[in-house]
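# Results of the structural survey
Single-letter residue listing:
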Amino acid sequence: MKRILYTLFIYVACVSCITEDYSVSSLPTATFEALWRTLDERYCFFDYKELNWESVHQEYAAQVSDTMSREALFDVLSRMTYTLRDGHVNLISSMNVSRYGAWYDDYPMNYSDSLLHQTLGRAEDYRQAGIMQYRVLQPDSVGYVRVESLSAVPSIQSLGDMLVHLSQCQALILDLRSNGGGMLTAAERIASSFVRERTLVGYMQHKRGPGHSDFSPAEPIYLDPSSGVRWLRPVVILTNRRTYSAANALVVYLQPQPHVIVVGDRTGGGSGLPFTTTLPNGWGIRFSASPMLTPAMEHTEFGIEPDVHCDISTADYSRSVDTILECARDLIREALEAAKKEK
């Protein structure tokens, strides 16, 4: 009995005092150096953000030791990545994924599921085709299209069916608020339904060396008109700080079009094409590696200003008024009335 109790005591003691086992290549200091060096050689916005990456190394290296726990190491490395001010940068482990959220957490939401439900109505009141939900808003007969993400590429047929259904409308509202992005090809497919001719919509570069300025020549990005149904009547795009990544690119593609206006808050940005690799300890790191630029060779990493800025106030939320949507409808109404007078 004593031997059994002694064995049990040793087992419990071992379980309650779990230790960290590291191979040499995955020691906290080695992992820190690998992460810092990977970002140093491949991250694409150091010069644009005027960030002294060497001083970041000095600050955070002092916080890392080979005796620290995985949780403590994850915390230090996450805080180091936050200095990049980039929502595309994530440290990925089995216990957590780091997320830099100041680009939206520090600003008004300007959107809610309750307001969306009020706009779309009941399930039978609107149509849904993949990533798109749409209906005709009354009494002004304005087309409303909600694109909640760009996680899939809509077919030319589904886009055409949607635009034919909305063809009774003189204008369309494209709601991209809180669209966190997804596939650039999805943004391109949607944008192609709103352009008249082949259009230069931006440029892309790629890192070609370890230096912070080692980029390939800028490659032009062209957008061709859809082979299906196209919409060349007025379009109002709704944005907020959570309009990000590929959704940010969709705004870049369409804002210059003469029949498009952007209403709401500045977008969240995220103009770098992300890349993912693995650190020596098995954690993943995702970061922006290829910058996208506007036709004027400008960055939109920190977002795009709307043509008309508008916020939803606390009072409007309490009254269930979507101020940004109503602002868009007012602009459409004024534009249509002005067009009638010109005739």
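To start, this report covers the structure provided alongside it. Keep in mind the model is a prediction, meaning the values are calculated, not measured.

With that out of the way, let us pick up the packing of helix α9 (residues 184-191) against helix α10 (residues 246-254). Pairs of packed helices are described in terms of their axes, by the angle between the two and the distance that separates them. Two elements in contact, α9 and α10, have axes whose closest approach is 9 Å; the angle formed by their N-to-C orientations is 30°. Classed by the angle they form, the pair α9 and α10 counts as roughly parallel. Judged by the twist between their axes, the crossing of α9 over α10 is right-handed. Judged by residue contacts, Leu184, Ala187, Glu188, Ile190 and Ala191 of α9 engage Ala246, Ala249, Leu250, Tyr253 and Leu254 from α10. Among the residues making up the contact of α9 with α10, the classes are represented as nine nonpolar, no polar and one charged.

This next bit is on the side chain of serine 216. Its location among the elements puts serine 216 in the loop between β6 (199-204) and β7 (219-223). Relative accessible area serves as the criterion here: at 13%, serine 216 is assigned to the buried category. Every residue in contact with serine 216, bar those within four places of it in the chain, is listed here: Gln205, His206 and Arg208.

Looking now at unusual backbone geometry. Cis geometry is found at the peptide bond from glutamine 138 to proline 139, where omega equals 10°. Here proline 139 is to be found in the loop between β3 (132-137) and β4 (142-147). One non-glycine residue with positive phi stands out, namely serine 245, at about 60°. Here serine 245 lies in the loop between β8 (235-239) and α10.

What follows concerns empty space enclosed by the protein. Here the structure, examined in full by the defined rule, presents one cavity of 30 Å³ or more. Put simply, the largest cavity is a space of about 80 Å³. What lines the largest cavity is Val201, Gly202, Ser245, Asn248, Ala249, Val252, Tyr253, Ser271, Met292, Leu293, Thr294 and Thr300. Counting residues per element, the ones that place at least two in the lining of the largest cavity are β6, α10 and β11 (284-293). Top element by residues in the lining of the largest cavity is α10. It accounts for four residues. Class assignment of the residues belonging to the lining of the largest cavity gives a composition of six nonpolar, six polar and no charged.

To continue, consider the packing of aromatic side chains. Applying the stated criterion across every chain yields a total of 11 aromatic pairs. Judged by centre distance (6.2 Å) and plane angle (40°), the ring pair of tyrosine 82 and tyrosine 100 falls under tilted. Separated by 18 residues along the polypeptide, tyrosine 82 in helix α5 (residues 70-82) and tyrosine 100 in the loop between β1 (90-92) and α6 (102-105) bring together distant segments of the chain. On the accessibility criterion, tyrosine 100 (18% relative accessible area) is buried. A ring pair is formed by tryptophan 103 and tyrosine 104, whose centres lie 4.5 Å apart and whose planes are at 85°; its orientation type is edge-to-face. There is no split in this pair, since tryptophan 103 and tyrosine 104 are both buried. One residue, arginine 198, lies across the ring of tyrosine 222, its end atom 4.3 Å from the ring centre. The positively charged end of arginine 233 is found above the aromatic ring belonging to tryptophan 231, 5.3 Å away from the centroid.

Right, let's get into the sheet that holds strand β2 (residues 127-129). Spatially, seven strands are ordered β2-β3-β4-β5-β8-β9-β12 in an open sheet, and the strand pairing comes out mixed. Of all the strands in the sheet, just β2 and β12 (308-309) have a single pairing partner and so form its edges. Examined bridge by bridge, strand β5 (residues 172-175) and β8 share four bridges and lie parallel to one another. Paired with aspartate 175 across the two strands is leucine 238, which belongs to β8.

Going residue by residue along β5, you find Leu172 and Leu174 tucked away on one face and Ile173 and Asp175 tucked away on the opposite face as well. Of the strand pairs in this sheet, β4 and β5 are connected by four bridges, and their pairing is parallel. Each residue of the ladder has a partner; that of valine 145, found in β5, is leucine 174. In terms of handedness, the path from β4 via helix α8 (residues 156-165) over to β5 forms a crossover that is right-handed.

Its location among the elements puts serine 55 in helix α4 (residues 53-61). Assessed through its relative accessible area of 34%, serine 55 is described here as partly exposed.

Right, let's talk about the state of the cysteines for a bit. With the rule as written, the count across this model stands at zero disulfides. As a non-bridged cysteine, cysteine 310 has cysteine 327 as the owner of its nearest cysteine sulfur, 4.4 Å distant. A relative accessible area of 11% means that cysteine 310 is categorised as buried.

The rules behind these values
- Residues numbered from 1 in each chain as written.
- Predicted model: local features only at pLDDT ≥ 70, side-chain atom pairs only at ≥ 80, totals over all residues.
- Heavy atoms only, no water.
- Axes fitted to C-alpha atoms, helices over the stretch in contact; angles between N-to-C directions.
- Helix = DSSP H or I, 4+ residues; strand = E, 2+ residues; numbered from the N terminus.
- Parallel < 35°, antiparallel > 145°, perpendicular 65-115°, else oblique.
- Left-handed = near helix turned anticlockwise from the far one by under 90°.
- Contact = heavy atoms within 4.5 Å.
- Nonpolar A, V, L, I, M, F, W, Y, C, P; charged D, E, K, R; others polar.
- Buried < 20%, exposed > 50% of the residue type's maximum accessible area, 1.4 Å probe, protein only.
- 1 Å grid on protein atoms, 1.4 Å probe; cavity = no way out; pocket = protein on both sides within 12 Å on 5 of 7 lines; lining within 4 Å.
- Points joined across faces, edges and corners; volume = space filled by probe spheres on them.
- Phe/Tyr/Trp six-rings, centres within 6.5 Å; stacked < 30°, edge-to-face > 60°.
- Lys NZ or Arg CZ within 6 Å of the ring centre and 35° of its normal.
- Pairing = 2+ DSSP bridges.
- Right-handed = clockwise from strand over helix to strand, strands pointing away.
- Disulfide = S-S within 2.5 Å.

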